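Close look at the chain arrangement
One letter stands for each residue in the lines below.
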Amino acid sequence: MFLRTRTSRYRTGGALVAGLVTSALLLTGCSSGGGGSSTAAPSGSTITVFNGATGTITENFNPFSTTALQPTLGVIFEPLYWYNLASDTEPTPLLATGFEWNEDGTQLTIHTREGVTWSDGEPFSAADVAFTFNLVKDTEALNTTGLAATAEATDATTVVLTFPEPSFMQEPNVLGNRGIVPEHIWKDVADPVTEINSDPVGTGAFTVKTFSAQSYMLTANPDYWGGEPAVKNVRYISLDSADAASAALVAGDVDWMSSFLPGLDDIIKTNPDLSYVNTPALTASIFTCSNAELGCAGPQTETAVRQAIYHALNRDQLNKLAGGGFAATASPTLLLPDRDEKWVADPANLEAPQSADVEEAKAILDAAGWVEGADGIRTKGGERLSMTIQTVTGWSDFISLNDAMTQQPGRGRYRAQAQPGVVERVERRPAVREVPALAGLHRSAGLGQPVLHVRQVVQLREHHTRR
């Protein structure tokens, strides 16, 4: 129920933005591969990265796949531009050097970079860009954004995308969210949807060197158009949990990670070689099936229940208890308050409330006919006001957030139990304000009603991968 923005063809889910903006916590250790050395990693070294992966690593370097390994898009396969989602700045040119729209927004002309080669030595050209976008348009399973443009390379460095209607709003997705693939390889791929692409050929700064179910290694591309990277090898590893990640970082077994670590300030105090950057990026949210007309069932299909949950959350407390205090304030709009204030039409929607308004939540439920029973749990038409939250196994921060929400003062009675496998079940039974809700951390926030502002803390995902 805490929402996190998601684009979908069907509006079956309502989101309660938990209200915290989860920040991307990037932690680094000054070592060259172990032992916690206090010297910076020298040129030619190997650095070890933990990016939140737990369990067995499944090989997938297909840039069209929603389950591709993290470095696939950007590190191996590059888009035309790079967009810094944490700031309101112009995109950085990568495989393109310029673009312009026609007056009515139906044609986007892109100028591609010269002097770029694929990692197998073949030259990159505008034809590869045109091929990539046409492959997406013509393959329904790949076209998750509904791209309707037809692409044509008019010369070696120019490609024109023609849309059936004004499409200015598609600009960031087209320019910044599509890894370009080599036509000379992908034209012979039998099924671009299921292809795992175990030997990827890209234009990026790194290529794949080795792969196993426990880790994989990328190595610097000596012919990279932007210059060969100073770091020669990057090893990605899988760990069991946030606690294991913390131990690995302190021990010097990990040099860089993007992760939520409980007690981070204490870790930093006792380990001067470690440092971190905390950047609010997404909204921690709970996603819920809320549209009864499309088959959704349960108390959360009522607008009043979702509203009551929104008001019942004490996001400041959730941030302290489960977010380590690193979350920033989220917005009900799912935009980042600091970055996107100019886009929020109603100032009242700039930030989600940080404290709980229990009386407001009770009043909303009373008006909607949810009556408090003898056991303190509200019911309506024989249905009890309770819900189940599913969280990926090993995401200890999100699990802590779930637990904290059930324990907030004045929330009423509840029952929580951890189920084996990938589910964390939380059945809240509040007396009144109880309505289940995830907090809003701005590490990553949610849909509908934000929790806080931390980057990957509370996210209720029906499918998901990470963090």
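Keep in mind it's a predicted model, so treat the numbers as computed, not measured.

1. Concerning the environment of Ser-167
- Mapped onto the secondary structure, Ser-167 falls in the loop between strand 9 (158-162) and helix 2 (171-176).
- Residues Ser-167 and Ala-148 lie 19 residues apart in sequence; the distance between their C-alpha atoms is 9.6 Å.

2. Quick word on the nonpolar core
- Core analysis: the largest hydrophobic core is formed by 48 residues, its most contacted members being Leu-80, Phe-133 and Leu-161.
- Of all the elements, helix 1 (residues 126-138) adds the most residues to this core, at 7 residues.
- Look past the residues within four positions of Leu-80 in its chain and what remains in contact with it is Thr-92, Pro-93, Leu-94, Leu-95, Ala-96, Ile-110, Val-129, Phe-133, Val-174, Leu-175, Arg-178 and Ile-180.
- Residues Leu-249, Met-257, Ile-268 and Leu-274 belong to the second largest nonpolar core, which totals 14 residues.

3. Considering unusual backbone geometry
- Positive phi, close to 55 degrees, is recorded for Asn-197, a residue that is not glycine.
- Looking at the secondary structure, you find Asn-197 in the loop between helix 3 (183-186) and strand 10 (206-211).
- In this structure Asn-197 comes out as buried when scored by relative accessible area, which is 8%.
- Of note, Leu-334 is a non-glycine position whose phi angle comes to about 75 degrees, a positive value.

4. Quick word on the sheet that holds strand 8 (residues 150-155)
- A sheet is described by the order of its strands in space; here 4 strands give the open sequence 6-7-9-8, paired in antiparallel fashion. In this open sheet, the two edge strands, each paired with only one partner strand, are strand 6 (96-101) and strand 8. Here the strands of the sheet are splayed against their neighbours by 20 degrees on average, with no regard to which way each runs.
- Alignment of strand 8 against strand 9, held across 5 bridges, turns out to be antiparallel. Following the sheet pairing, Thr-150 is matched in strand 9 by Thr-162.
- Contacting strand 7 (107-112), strand 8 and strand 9, helix 1 runs over the sheet at an angle of about 170 degrees to strand 8.

5. Observations concerning the state of the cysteines
- Per the stated rule, a full pass over the model turns up 1 disulfide.
- A disulfide bridge connects Cys-289 with Cys-296, and the sulfur atoms are separated by 1.9 Å. Taking the sign of the S-S torsion, about -75 degrees here, the bridge from Cys-289 to Cys-296 comes out left-handed.
- Using a relative accessible area of 33% as the deciding quantity, one classes Cys-289 as partly exposed.

Conventions used here
- Residues numbered from 1 in each chain as written.
- Predicted model: local features only at pLDDT ≥ 70, side-chain atom pairs only at ≥ 80, totals over all residues.
- Heavy atoms only, no water.
- Helix = DSSP H or I, 4+ residues; strand = E, 2+ residues; numbered from the N terminus.
- Core = buried A, V, L, I, M, F, W, Y, C linked by side-chain atoms within 4.5 Å.
- Buried < 20%, exposed > 50% of the residue type's maximum accessible area, 1.4 Å probe, protein only.
- Contact = heavy atoms within 4.5 Å.
- Pairing = 2+ DSSP bridges.
- Axes fitted to C-alpha atoms, helices over the stretch in contact; angles between N-to-C directions.
- Disulfide = S-S within 2.5 Å.

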